[in-house]
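# Notes for the structure review
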Amino acid sequence: MISSIAELIADRIGTMPAGERRAAQTLIASYPMIGLKTVAEFSTAAGVSSPTILRFVARLGFQNYPEFQSSLQDELAAQLQSPAIRTLNPPSPGGGTVSPMLEATLDNMRETFRHLSDKQLADIAARLADRRGKTFLIGGRFTDPLARYMAAHLAVIQPDVFHLAGQESMWRDRLIDMGKRDVLVIFDIRRYQDSLVRFAEKAHQRGVQIVLFTDQWLSPIARFARHVIAGRTAVPSAWDSSAALFVVAETLIGAVTRQLEADGAKRIREMESLR
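Given the structure is predicted, the values throughout are model-derived calculations rather than measurements.

Moving on to the side chain of arginine 190. Position of arginine 190 among the secondary structure elements: in the loop between strand E3 (183–187) and helix H11 (194–205). Within polar-contact distance, the side chain of arginine 190 engages the backbone oxygen of alanine 78 at 2.5 Å.

Turning to the pairing of strand E5 (residues 227–231), a few remarks are in order. Here E5 lies mainly inside the structure; four of its five residues are buried. Two strands pair when backbone bridges link them, and strand E4 (residues 209–215) and E5 are joined in this way by five bridges, in the parallel orientation. Its bridge partner lying in E5, leucine 212 is registered against valine 228.

Residue proline 32 is bonded to the preceding tyrosine 31 through a cis peptide linkage, with omega at -5°. In the segment running from arginine 190 into arginine 191, the intervening peptide bond is cis, with an omega of -10°. In this fold, arginine 191 is placed in the loop between E3 and H11. Look at aspartate 160: it is not a glycine, yet its phi comes out positive at around 60°. Looking at the secondary structure, you find aspartate 160 in the loop between helix H9 (144–157) and strand E2 (161–163). Classification of aspartate 160 by relative accessible area gives partly exposed; the value is 40%.

In this section: the pattern of salt bridges. Applying the stated criterion across every chain yields a total of 15 salt bridges. Across the salt bridge formed by aspartate 107 and arginine 110, the nearest N and O atoms sit 2.6 Å from each other. Here aspartate 107 pairs with arginine 110, and both are found in helix H7 (residues 100–114), just three residues apart, close to one helical turn. Take aspartate 107: its relative accessible area is 39%, and that puts it in the partly exposed class. Since its relative accessible area comes to 53%, arginine 110 is described here as exposed. Close ionic contact of arginine 172 with glutamate 168 constitutes a salt bridge, the shortest N to O distance being 3.5 Å. Taken as a pair, arginine 172 and glutamate 168 lie in helix H10 (residues 168–174) at a separation of four residues, close to a single helical turn. If you follow the salt bridges from partner to partner, you end up with Glu7, Glu111, Arg114 and Arg232 in one network.

Below, the discussion takes up the domain arrangement of the protein. In terms of domains, the protein is made up of domain 1 (3–79) and domain 2 (106–271). The distance between the C-alpha centroids of domain 1 and domain 2 comes to 26 Å. If you look at the interface, domain 1 gives 12 residues, while domain 2 gives 13 residues. Here domain 1 and domain 2 share an interface that buries about 1,100 Å² over both sides, 51% of which is from carbon and sulfur atoms. Our count for the contact surface shared by domain 1 and domain 2 stands at one salt bridge. A salt bridge links glutamate 7 to arginine 232; the shortest N-O distance between them is 2.6 Å. Scanning the region where domain 1 abuts domain 2 turns up six residue pairs in polar contact (both at pLDDT 80 or more). Secondary structure elements with two or more residues in the side of domain 1 that touches domain 2: helix H1 (5–12), helix H2 (18–29) and helix H5 (65–79). A total of four residues in the side of domain 1 that touches domain 2 trace back to one element, the largest contributor, which is H1. In the side of domain 1 that touches domain 2, the residues fall into six nonpolar, three polar and three charged.

The rules behind these values
- Residues numbered from 1 in each chain as written.
- Predicted model: local features only at pLDDT ≥ 70, side-chain atom pairs only at ≥ 80, totals over all residues.
- Heavy atoms only, no water.
- Helix = DSSP H or I, 4+ residues; strand = E, 2+ residues; numbered from the N terminus.
- Polar contact = N/O pair within 3.5 Å; in protein donor to acceptor, adjacent residues only side chain to side chain.
- Buried < 20%, exposed > 50% of the residue type's maximum accessible area, 1.4 Å probe, protein only.
- Pairing = 2+ DSSP bridges.
- Salt bridge = Lys/Arg side-chain N within 4 Å of Asp/Glu carboxyl O.
- Domains from an automatic or database assignment.
- Contact = heavy atoms within 4.5 Å.
- Buried area = accessible area lost by both parts, 1.4 Å probe.
- Nonpolar A, V, L, I, M, F, W, Y, C, P; charged D, E, K, R; others polar.

Okay, structure coming up:
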């Protein structure tokens, strides 16, 4: 599978001049819709010139703006696919002795980590290890088990870690406890959950720092997130796979554990003494 535009941006934003970086950030904040507008509309939204937009598109590897928009349109079509559509149009199985599902899952993991920088993972781990604030985790219909799994591990090595479960009204009630020192980790993959988007917006308004685990097509929550982890989820199945996101979550759990080594070990020993 070719790289999504969001993945191309993640790979190249470190080399972009300031104007192109603003274009990239504007696109991510309204992904992919702002890129489907005219060059003039995109440049106005980004606060840069039209030539800057065209240079940004060229830096991503496109010959021209229509080619860039065609790629975004293909991504939008993939983003809106339902499990029913993927059942009616299953991908052709590959050859070889390894199952297509396993091959696709391994490819998803490799591609996810190829587009994740060590700096980004280190920054997220440092934020999650910061004891000055609380950590809240939540997921969607199919991704909430990842949020619960990550919360269960983080809660062992540090206090003030909370998994948000139950009805949307219960999540909103927890907003009163959230502030600028706190982190909200959200898992949301296609087809994106409106209730999570609303909750993320409210948390963002309160200054909460959001870490988003999503797919390569980017949940609308990306426009509120401080950090976005865009993992590969497509496999030859009616259902998307969260395996790559799960491995990223475990990677971060390990990194946070190492950063909190002394305090975490002490906390674990005290827990064991209470069993």
